[in-house]
Amino acid sequence: MEITGSHDGVADARPLITRAAKYGLVLALFFVAACGNGAAQTTTDTTIHSLQAHLKMYPQDFKAYDSLGASYIQKGRETADASYYELAKEALDKSLDEVSTGPDAASAKTHMAVVAMSEHQFEDARSWAQEALALGSGDPSPWAIVGDAFIDLGEYERADDAYARLRDTLHPHDEATGLAYERNSRIAYSYFLKGDAPDAIKLMRAAIAVAVTLRLPAENVSWSQYQLGEICFKSGDLVGAEQAYMAGLAIDPNSYRNLAGLGEVRTAQEKYLEAIALYRRAIAVVPYPAFAAALYDLDLQVGRYDDAQKQLELLEFISTLNALNERLFYRELALFYADHNLKLQESVELAKKELEVRHDIYTWDILAWVLFKNGRLPEAAEAVDKALALGTEDALLDFHAGMIELQLGRSKRGETLFKRALKLNPNFHLVYSGEAREMLHQLADSDTPRGITNSPVAQGSKLGRPLE
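Residues numbered from 1 in each chain as written. Predicted model: local features only at pLDDT ≥ 70, side-chain atom pairs only at ≥ 80, totals over all residues. Heavy atoms only, no water.

Attention now moves to the packing of aromatic side chains. This model, assessed by the stated rule, comprises 14 aromatic pairs. For the pair Y288 and F291, a centre-to-centre distance of 5.1 Å together with 50° between the ring planes defines the contact as tilted. Residue F291 is classed as buried on the basis of its relative accessible area, which comes to 8%. Between W369 and F372, the ring centres sit 5.0 Å apart and the planes meet at 25°, which makes this aromatic pair stacked. One end of the pair, W369, and the other, F372, are both in helix α21 (residues 361-373), 3 residues apart, so they sit about a helical turn from each other. Per residue, the accessibility class of W369 equals that of F372, and both read buried. Clustering of aromatic rings is evident, with ring pairs tying together W369, F372, F399, F418, F428 and Y432. One residue, R77, lies across the ring of W223, its end atom 5.6 Å from the ring centre. (Phe/Tyr/Trp six-rings, centres within 6.5 Å; stacked < 30°, edge-to-face > 60°. Buried < 20%, exposed > 50% of the residue type's maximum accessible area, 1.4 Å probe, protein only. Helix = DSSP H or I, 4+ residues; strand = E, 2+ residues; numbered from the N terminus. Lys NZ or Arg CZ within 6 Å of the ring centre and 35° of its normal.)

Below, the structure written as structure tokens:
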């Protein structure tokens, strides 16, 4: 981490290296890269240092503290280092210590809402954003955070209502504004969740065009390209996904999200060595657990067992650095454990912890999957119904549901789900797309299957066999 808790200077990376040492030099190098010790200064770093110097001279400048908080948030987005959000809170607290009421406090409270979202405190995020709106500044942008919080809380209609309020009151029908970009990029995701991928893609592309025209920050535009890529990939448009991720990388060559997204596309294209290289580049920028999990499976796929072991160690190390890291990665860890038949009981505990704060369809999906892997089929069936409630076009959701249906003896429903998954995206997953085809062959060979008991996925013998 480049900025210390005292808001000045460069943090010492040695504690991280010490903890990483037992996992080998490669892990230490990953974390030095992620922490930026000795790395080139970014525009965000320059802004942070400038604001720090200013606040030493003018310690009561509430607007400068608000700007410093916003810069820490941006640094957190760029690095995925959760400690920057804690620094943001410190700066924003100081801003609100100076001015906590009236329109001048709205910006700091909005940024507090962003921090809460970043730390997966969704109810707090909604409360902060609503407090900002109540201060009468006339800025409707906090509605974006209100809507985002409702999405993660699984309250989709309320999210849509919030997004609809992201309009300039003087020019409510102007579609070439920052507010229009914020509104449409979010509504696009809502369309996707509700099973309307074509309109989601169309609206997301229009939002990105506005962002480029307005010259919004490169990281934000690159992130939007990543979101477009994700929608395209999940809905089976590999060409569109590749184009979006490549466009994101053209804007920001170090965009870890787009590097990993392109790695997912290369995996679907069975270009495994290219996929491995892309995931390694992503991890070199930010050692994110989901990337390590994907790389683990790819290393096993090509027979690089020693490399796979390093990814396994890296994944657990990242996720347990501190309590905040663990909370942010409940879903990733639960899914990885369930997929690989590791710590299955713990996978349920992690998924349930996530459900305590997050009620969206993907949390229900992961809960359903970990319950299935633990043999708790009635509970899994109840959870998977909630995961499918919106009709989202996502092949992995359908695969999970299909496996649960088969184990419950509902073979026709399982067959329908597998066919839908493969029609949507024939290569939606490194292993599970092949598993879906295998299940369909088994169903075709049996008139009255009563649950597939010899499934490699159910038995845990196929995906990423745990290393000894």
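A few words on the packing of helix α9 (residues 156-164) against helix α10 (residues 178-193). Geometry of a packed helix pair, given as the angle between the helix axes and the separation of the axes. Two elements in contact, α9 and α10, have axes separated by 10 Å at closest approach and are oriented at 160°. Relative to α10, α9 is oriented roughly antiparallel. For α9 against α10, the interelement crossing comes out left-handed. Residue-level inspection shows Y156, D160, Y163 and A164 of α9 in contact with α10, the latter providing R183, R186, I187, S190 and L193. Classifying every residue of the contact of α9 with α10 by side-chain character gives 5 nonpolar, 1 polar and 3 charged. (Axes fitted to C-alpha atoms, helices over the stretch in contact; angles between N-to-C directions. Parallel < 35°, antiparallel > 145°, perpendicular 65-115°, else oblique. Left-handed = near helix turned anticlockwise from the far one by under 90°. Contact = heavy atoms within 4.5 Å. Nonpolar A, V, L, I, M, F, W, Y, C, P; charged D, E, K, R; others polar.)

Let's shift gears to helix α4 (residues 62-79). Taking 1.5 Å of rise per residue, the 18 residues of α4 would be expected to cover 26 Å, and the 26 Å separating its terminal C-alpha atoms lies within 8% of that figure. Extensive coverage of α4 is indicated by the burial of 13 of its 18 residues. In the stretch just after α4, A80 is the one whose phi turns positive, near 60°. (Expected span 1.5 Å × (residues − 1).)

This part covers the nonpolar core. If you look at the biggest cluster of nonpolar residues, it comprises 143 residues, and the most contacted ones within it are L367, V370, F399 and F418. Element by element, the count of residues in this core is highest for α21, at 10 residues. Excluding anything up to four places from it in sequence, L367 contacts A351, K352, L355 and A383. (Core = buried A, V, L, I, M, F, W, Y, C linked by side-chain atoms within 4.5 Å.)

Once that is clear, we can look at the packing of α4 against helix α5 (residues 83-98). Between α4 and α5, whose axes approach to 8 Å, the crossing angle comes to 165°. Our classification of the angle between α4 and α5 gives roughly antiparallel. Seen from above, α4 lies across α5 with left-handed handedness. On the side of α4, the interface is formed by F62, Y65, D66, L68, G69, Y72, I73, K75, G76, R77 and T79, while α5 contributes Y84, Y85, L87, A88, A91, L92, K94, S95 and E98. Within the contact of α4 with α5, the residues separate by chemical class into 11 nonpolar, 4 polar and 5 charged.

Turning our eyes to something else, we now look at unusual backbone geometry. At R215, a position not held by glycine, the phi torsion is positive, near 55°. Relative to the assigned elements, R215 resides in the loop between α11 (197-213) and α12 (218-234). On the accessibility criterion, R215 (77% relative accessible area) is exposed. Backbone geometry places K343, a non-glycine residue, at a positive phi of 45°.

This paragraph deals with a negative patch on the surface. A cluster of acidic side chains, namely E90, D93, D97 and E98, defines a negative patch on the protein surface. Position of E90 among the secondary structure elements: in helix α5. (Patch = residues over 30% accessible without salt bridge, like charges linked within 9 Å, V, L, I, M, F, W, Y side chains within 5 Å. Areas by Shrake-Rupley, 256 points an atom, 1.4 Å probe, with all protein chains shown as cover. Salt bridge = Lys/Arg side-chain N within 4 Å of Asp/Glu carboxyl O. Lys, Arg positive; Asp, Glu negative; His and termini not counted. Charge placed at Lys NZ, Arg CZ, Asp CG, Glu CD.)

Relative accessible area serves as the criterion here: at 36%, E90 is assigned to the partly exposed category. Considered as a pair, E90 and G69 are 21 residues apart in the sequence and their alpha carbons are 7.7 Å apart.

It is worth stressing that arrangement in space is one thing and function is another; only the former is reported here.
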